[in-house]
Amino acid sequence: MRVAIPLIRSSNSAATCCIAGGGPAGLMLGYLLARAGIEVLVLEKHADFLRDFRGDTVHPSTLETMHEVGILEELLQQPHQRVAKVRGRIGDTQILLNDMTRLPTHCKFMALMPQWNFLNFLTRQAHRYPTFRLKMQTEVSGLIEEQGRIAGVQADAPHGSIDVRADLVVAADGRSSVLRERAGLIVDEIGAPGDVLWMRLSKHRDDPEFFVYANRGKVLVLLDRGEYWQCGITIAKGSATEIRAKGVGALRGSIVENAPFLHDRVAEIRDWNDVKLLTVKVDRLRRWYRTGLLCIGDAAHAMHPIGGVGINLAIQDAVAAANILAGPLREGALCNNHLAKVQRRREFPAKFTQKVQAIMRRQIAGGADDVGARKVPWPIRLLEATSLPRRIRTRLMSIGIRPEHVKTRDVWKSNSAVERPSAVLETDQRRL
Ligand SMILES: Cc1cc2nc3c(=O)[nH]c(=O)nc-3n(C[C@H](O)[C@H](O)[C@H](O)COP(=O)(O)OP(=O)(O)OC[C@H]3O[C@@H](n4cnc5c(N)ncnc54)[C@H](O)[C@@H]3O)c2cc1C
């Protein structure tokens, strides 16, 4: 028997650029395009940005971008911790992994800022521009295709489904991107040997400031959240069920083995409800675009958490995309060459960083595992013999291989609200 399903009426919307996903990549691109006078609509599936256990590390490259657009001071008024030197303990040996104090950037430190604060801040900044719109609780579910080109997206919003038409759709919907899958883009899986378990432990005033602890093949990262440590411990890929079966006591034991000073508080992990599993994925799209569609951030290249560079690469992708696309979008002259240019610009940094991450992972975790004891593996001892490898590593992780600089203009600065740029007036009529 056929059941009649009540029809929910689709409402329609339009924008010059529709961005799926309000993560670092999507919001930064939305901000930069709106600042350049382009009509942007960002669709985010969640109701807020309050998702914990996302990366916190806002590197000097991202802080530099904030400086270039004039919002660095305001950003640094948000709650954050500053880290200029990243230290680690591998086996029994302390190592200075990164030293940012001599970088050629305005901020010679990385800011540890919960991602919800960072994203809320970006959203507030973007809302200063009348051409920026953000729809929360709106999940993009499909693409609108017309005559071989992507002409918009379908999405599920609180009051029903909507169709959004756009000159350009940007998939910034993260490492499980629905849009890249719907577009049939080919993904090369690089694979990652481990997953990560995240939890919180309270922080005491006299705690050591080490950031990364590696011992017997396990890496424990402690992110300073002021009142508490956000702790991530690596586990072998797919071993979460086995680890759970051993009980929470075994997990506590692994934490203490890596960072003995936490012995007095591991009991704060009461049961598995206090632990969150994050499945690590490392991959890359072979082609980042189709006519009318571009993928950026994790949707184009999911990064390993090591080095905490995912947010920063996502931001750099957004800056490059805005630099290349703002002009053609404004002039209605966007073509595949522009989208290919974004991929050419950003593919190498993503690939190279993934390679460096794999080497770091092997050195820090694999090395410690090889010796199976509390010793520093010889490749690391060799690397640490001079400061050059550290300087190179610091630069790669903090600034990246091809740093992007904002070239788009703030078109609103010289225009009062009444004197809007003509490109905006044209697109205003296409509002919902
Ligand atoms: C365990 C772990 C730890 C990490 N730690 C760090 C760290 O410390 N520092 C760091 O820099 N990076 C870290 N990363 C990586 C970092 O989180 C990502 O690289 C970065 O957030 C990518 O940004 P993005 O905007 O491309 O994607 P995301 O941050 O994933 O944002 C995508 C957004 O799209 C939304 N979305 C998804 N699907 C849809 C849809 N269908 N419709 C609408 N919206 C949708 C999501 O809700 C999300 O808000 C870590 C990653 C992992 C797995």
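Quick caveat, the model's predicted, so the values are computed rather than measured. (Residues numbered from 1 in each chain as written. Predicted model: local features only at pLDDT ≥ 70, side-chain atom pairs only at ≥ 80, totals over all residues. Heavy atoms only, no water.)

A word on the sheet that holds strand 7 (residues 110-112). Sheet strands pair by backbone hydrogen bonding; their relative direction is either parallel or antiparallel. If you trace the three strands from one edge of the open sheet to the other, you get 3-7-4, paired in antiparallel fashion. Each edge of the sheet is formed by a strand with only one pairing partner; in this case those strands are strand 3 (57-58) and strand 4 (81-83). In this structure, strand 3 lies alongside strand 7, joined through two bridges in antiparallel fashion. Note that in strand 7 the partner of Val58 across the bridge is Ala111. (Pairing = 2+ DSSP bridges. Helix = DSSP H or I, 4+ residues; strand = E, 2+ residues; numbered from the N terminus.)

This next bit is on helix 11 (residues 388-398). Listed as buried for helix 11 are Arg390, Arg393, Thr394, Leu396, Met397 and Ser398. Taken from the residues just after helix 11, Gly400 is the one with a positive phi, measuring 95 degrees. (Buried < 20%, exposed > 50% of the residue type's maximum accessible area, 1.4 Å probe, protein only.)

Moving on, we come to the side chain of Thr65. Residue placement: Thr65 occurs in helix 2 (residues 60-68). Once you skip the residues sitting within four places of it in the chain, Thr65 turns out to touch Met28, Ile315, Gln316, Val319 and Val406. (Contact = heavy atoms within 4.5 Å.)

With that out of the way, let us pick up the packing of helix 1 (residues 24-35) against helix 4 (residues 115-126). Where helix 1 meets helix 4, the closest approach of the two axes is 9 Å, and the angle between their N-to-C directions is 20 degrees. Viewed along their axes, helix 1 and helix 4 adopt a mutual orientation that is roughly parallel. Of the two elements, helix 1 crosses helix 4, and the hand of that crossing is left-handed. When helix 1 is examined against helix 4, the residues Pro24, Leu27, Met28 and Tyr31 are found in contact with a partner set consisting of Gln115, Leu119, Leu122, Thr123, Gln125 and Ala126. Residue composition of the contact of helix 1 with helix 4, grouped by class: seven nonpolar, three polar and no charged. (Axes fitted to C-alpha atoms, helices over the stretch in contact; angles between N-to-C directions. Parallel < 35°, antiparallel > 145°, perpendicular 65-115°, else oblique. Left-handed = near helix turned anticlockwise from the far one by under 90°. Nonpolar A, V, L, I, M, F, W, Y, C, P; charged D, E, K, R; others polar.)

A complete count under the given rule lists 15 salt bridges for this structure. Glu145 is the salt-bridge partner of Arg290, the closest N and O atoms lying 2.8 Å from each other. Of the two residues, Arg290 is situated in strand 19 (residues 289-290) and Glu145 in strand 9 (residues 139-146); the sequence distance between them amounts to 145 residues. Using a relative accessible area of 43% as the deciding quantity, one classes Glu145 as partly exposed. When salt bridges that share partners are traced, they join Asp317, Arg345, Arg346 and Glu404 into one network. (Salt bridge = Lys/Arg side-chain N within 4 Å of Asp/Glu carboxyl O.)

In space, the seven strands of this open sheet follow the order 6-5-14-15-16-13-17, with mixed pairing throughout. Edge strands, defined here as strands with exactly one partner in the open sheet, are strand 6 (93-99) and strand 17 (276-278). The sheet shows a mean angle of 25 degrees between the axes of neighbouring strands, direction not considered. The sheet contact formed by strand 14 (residues 212-215) and strand 15 (residues 218-224) spans four bridges and is antiparallel. Note on strand 15: the bridge partner recorded for Ala214 is Val219.

The environment of the ligand is made up of 33 residues, and the closest members are Glu44, Thr57, Asp298, Gly308 and Ile311. With respect to the ligand, the backbone of Asp56 contributes an N or O atom lying 3.4 Å from an oxygen atom. Its free accessible area being 1,000 Å², the ligand has 93% of it covered by the protein chains. Where the shell around the ligand is concerned, the elements lending two or more residues are helix 1, strand 9 and helix 8 (310-331). At four residues, the largest contribution of residues to the shell around the ligand is made by helix 8. Residues that form the shell around the ligand fall into these classes: eleven nonpolar, 13 polar and nine charged. (Near = heavy atom within 4 Å. Polar contact = N/O pair within 3.5 Å; in protein donor to acceptor, adjacent residues only side chain to side chain. Areas by Shrake-Rupley, 256 points an atom, 1.4 Å probe, with all protein chains shown as cover.)

What follows covers unusual backbone geometry. You will see that Gln137, though not glycine, has its phi angle at about 50 degrees, which is positive. You can call Gln137 partly exposed: its relative accessible area is 44%. The backbone of Gln147 sits at a positive phi, close to 50 degrees, despite the residue not being glycine.

The next thing to look at is the state of the cysteines. Should the sulfur atoms of two cysteines be covalently bonded, the bond is a disulfide. Taken as a whole and assessed by the stated rule, the structure comprises zero disulfides. There is no disulfide at Cys17, and the cysteine sulfur nearest it, in Cys18, is 7.2 Å away. Cys17 sits in the buried class, given a relative accessible area of 0%. (Disulfide = S-S within 2.5 Å.)

All chains considered together, the criterion is met by three aromatic pairs. For the pair Tyr31 and Tyr129, a centre-to-centre distance of 5.8 Å together with 55 degrees between the ring planes defines the contact as tilted. Of this pair, Tyr31 sits in helix 1 while Tyr129 sits in the loop between helix 4 and strand 8 (132-135); the two residues are 98 residues apart in sequence, bridging distant segments of the chain. Considered together, Tyr31 and Tyr129 belong to a single accessibility category, that of buried residues. For the pair Tyr213 and Phe261, a centre-to-centre distance of 6.1 Å together with 45 degrees between the ring planes defines the contact as tilted. With Tyr213 in strand 14 and Phe261 in the loop between helix 7 (248-258) and strand 17, this pair connects stretches of sequence that are 48 residues apart. (Phe/Tyr/Trp six-rings, centres within 6.5 Å; stacked < 30°, edge-to-face > 60°.)

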